[in-house]
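# Fold and contact review
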Amino acid sequence: MQLNELLSRVEVIGIPTRTNFRGVRIREIALIKGERRWGEFSPFADYSTERDALWLQAALEAANQNFPKPLRNRVLVNATLPEVAVERIGEVLSWFPGSSTVKVKVGTANDEERIAEVFKIIPDARLRLDANGLFSIHQAQEFLLSLYNKYGHQIEYVEQPCASLAENGALSLPFPIAIDENLRLGDEIHEINKVADVVIVKVAPLGGIKRALNVIAQLDKPVVISSALESSAGLSAGVALAAHLAEDVICGLGTAALLDGDITKNSLLPLNGAVTVEEIDVDLESVARYRLPQERIDWWHNRITTAYKSIESENEREELI
Ligand SMILES: [Mg+2]
C-alpha cells in the first residue's frame with residue numbers, strides 16, 4: 001500500500017473528554033481502516049516524530065494483522081481518577097463500576113483531599129498513585145511516607161514518582177515502584193529491571209503488540225497493561241495483549257469511560273471491574289458525528305505522512321501495510 005492509499009483510509013475524529021485529562025478536552029484521533037479492523041493513531045500533540053512513528057506502526061499492526069490468541073474473555077481494570085474537583089470524585093468512580101483498584105493522578109494541588117475522598121467512597125480501595133514523574137526525590141519521599149502512615153498497604157504502588165530512572169532508583173519507599181515513562185521514552189530495559197517493581201506497558205508507544213511482547217519477555221518484573229486515553233479502537237489492542245498474557249492482572253484499560261462518546265457499537269466500557277475481550281465494531285455514523293473539520297484532517301494527514309516517512313526501512317513499512 002502506498003502512502004496515498006493509506007491516507008485514503010484515514011478518518012480524523014475528535015471525541016470530547018468527560019474530565020480535563022492532562023489538559024485534553026477534545027481527544028483527537030486518526031482511525032485507519034485496515035484489512036482486519038480499524039487501527040488507532042492518536043499520539044498527543046506534543047510528541048516527536050520518532051514517537052509518532054512507533055504509534056503509527058502500532059496502528060498499522062492492529063489494522064492489518066491478527067491479534068494474539070486470548071487466554072480469557074475479560075480483562076480486569078482499575079478505575080482512573082484524573083485531576084478533578086473533590087465534589088466530582090463520586091461521579092468519576094461511578095464510571096468504573098466494580099473496580100476497587102483506583103489509579104489516582106498525583107502531583108496536583110489537591111492530592112490529599114482526593115485520596116481521602118476515594119477512601120470515603122471505597123473504604124477497601126487499593127490505590128495506584130501516578131505522579132507522571134512530577135516529584136523531586138525529596139517531594140516523593142515526604143509525600144509518599146505521609147500517605148504510608150495514613151493508609152499503609154492500601155497503596156499498591158506508586159507509578160513514575162520522579163522523571164528520571166536514576167532519581168526513581170535513588171528513592172527508598174515503603175511501596176513498590178512502577179515504571180512507565182522511563183520505558184516509553186527509551187531507557188534500557190536492563191536498567192529498568194534494576195529499579196522497577198512493576199512495569200507499565202502500553203501498546204501504542206512501544207510500536208504495537210509484537211514489540212510490546214518482545215519488551216515483556218525481557219522484563220523480569222510483573223507488567224500492567226495500560227492505555228493512553230484512546231477510543232475503543234486503540235484500547236482493543238491493549239486488551240488483546242492483556243488477554244494473551246498468562247498473568248490475569250488488573251490493567252489500566254478502562255479509560256473509554258473518560259471519553260464522552262466512542263466510535264463503536266460495543267464500546268470497551270468497564271463493567272463489574274472488567275472490560276470484555278472482543279472485536280470492536282466501528283460504527284460509521286459515530287465516526288461521522290465526531291469527524292473533525294478539514295483543517296484538522298489535513299493536520300493529521302501531514303502528521304501521518306511525516307511519521308510514515310520516518311519509518312526508515314522500506315521492509316518495515318511493507319510488513320505493516
Ligand atoms: Mg503513567
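I will try to describe carefully the structure that is included in this document. Fair warning: this is a prediction, and the values are worked out from it, not measured in the lab.

Turning to the sheet that holds strand S2 (residues 24-33), a few remarks are in order. Taken together, the three strands give an open sheet; going across it, the order is S1-S2-S3, and neighbouring strands pair in antiparallel fashion. Of all the strands in the sheet, the pair left with one neighbour each is strand S1 (10-21) and strand S3 (38-41). Each adjacent strand pair in this sheet contributes to an overall mean axis angle of 35 degrees, direction not counted. Relative to S3, S2 runs antiparallel, the two being bridged by four bridges. Paired with Leu31 across the strands is Glu40, a residue of S3.

What follows covers the nonpolar core. Val75, Ala178 and Val199 are the most contacted members of the largest nonpolar core, which has 94 residues in total. By residue number, the principal contributor to this core is helix H2 (residues 49-64), which donates nine residues. Beyond its immediate stretch of four places on either side in the chain, Val199 contacts Ala178, Ile179, Leu183, Ile192, Leu219, Lys221 and Val223.

Another aspect to go through is the sheet that holds strand S10 (residues 198-202). Read from one edge to the other, the open sheet built from seven strands follows the order S5-S6-S7-S8-S9-S10-S11, with strand pairing classed as parallel. Pairing within the sheet leaves two strands with one partner each, and these edge strands are strand S5 (79-81) and strand S11 (223-226). Averaged over all pairs of adjacent strands, the angle between strand axes in this sheet comes to 25 degrees, irrespective of strand direction. Sheet topology note: the S10/S11 ladder contains four bridges and is parallel. For Val199, the partnering residue across the bridge sits in S11 and is Val223.

Tracing the backbone shows Pro68 in the loop between H2 and strand S4 (74-76). Assessed through the 14 C-beta atoms surrounding it within 10 Å, Pro68 is described here as partly exposed. Placed 172 residues apart in sequence, Pro68 and Ala240 show a C-alpha to C-alpha distance of 6.7 Å. Not counting residues up to four positions away in its chain, the partners in contact with Pro68 are Ile209, Ala240 and His244.

Take the pairing of strand S7 (residues 126-130) next. Counted residue by residue, S7 has four buried out of five residues, so it is predominantly covered. Looking at chain direction, strand S6 (residues 101-105) and S7 are connected through five bridges and run parallel. Its bridge partner being in S7, Lys103 is matched across the sheet by Arg128. After leaving S7, the chain enters helix H5 (residues 137-151) and then returns to the sheet as strand S8 (residues 155-159), a path that is right-handed.

Another point: the pairing of S10. The element S10 is largely enclosed, with a buried count of five among its five residues. Alignment of strand S9 (residues 177-179) against S10, held across two bridges, turns out to be parallel. Residue pairing for S10: Ala178 is matched across the bridge by Val198.

We now examine the environment of Tyr290. Mapped onto the elements of the fold, Tyr290 is located in helix H12 (residues 284-290). Each C-alpha atom of the pair Tyr290 and Gly14 lies 5.4 Å from the other, and the pair is 276 residues apart in sequence. Leave out the neighbours within four places in its chain, and Tyr290 touches Ile13, Gly14, Ile15, Gly261 and Ile263.

This next bit is on helix H13 (residues 294-310). One turn of an α-helix holds 3.6 residues; hence residues three or four places apart share an orientation. When the terminal C-alpha atoms of H13 are compared, their 24 Å separation across 17 residues agrees well with the 24 Å that a helix rising 1.5 Å per residue should span. Among the residues making up H13, those that are buried are Trp300, Arg303, Ile304 and Ala307. Within H13, the buried residues cover an arc of 100 degrees as seen down the axis, which keeps them to one side. H13 presents Gln294, Glu295, Asp298, Asn302 and Lys309 as exposed residues on the side facing more than 90 degrees away from its buried surface. Close packing links the buried residues of H13 with helix H1 (3-8), S1, S2, S3 and H2.

What counts, and at which threshold
Residues numbered from 1 in each chain as written. Predicted model: local features only at pLDDT ≥ 70, side-chain atom pairs only at ≥ 80, totals over all residues. Pairing = 2+ DSSP bridges. Helix = DSSP H or I, 4+ residues; strand = E, 2+ residues; numbered from the N terminus. Axes fitted to C-alpha atoms, helices over the stretch in contact; angles between N-to-C directions. Core = buried A, V, L, I, M, F, W, Y, C linked by C-beta atoms within 7 Å. Buried ≥ 20, exposed ≤ 12 C-beta atoms within 10 Å, placed from the backbone. Contact = placed C-beta atoms within 7 Å. Right-handed = clockwise from strand over helix to strand, strands pointing away. Expected span 1.5 Å × (residues − 1). Arc of directions from axis to C-beta.

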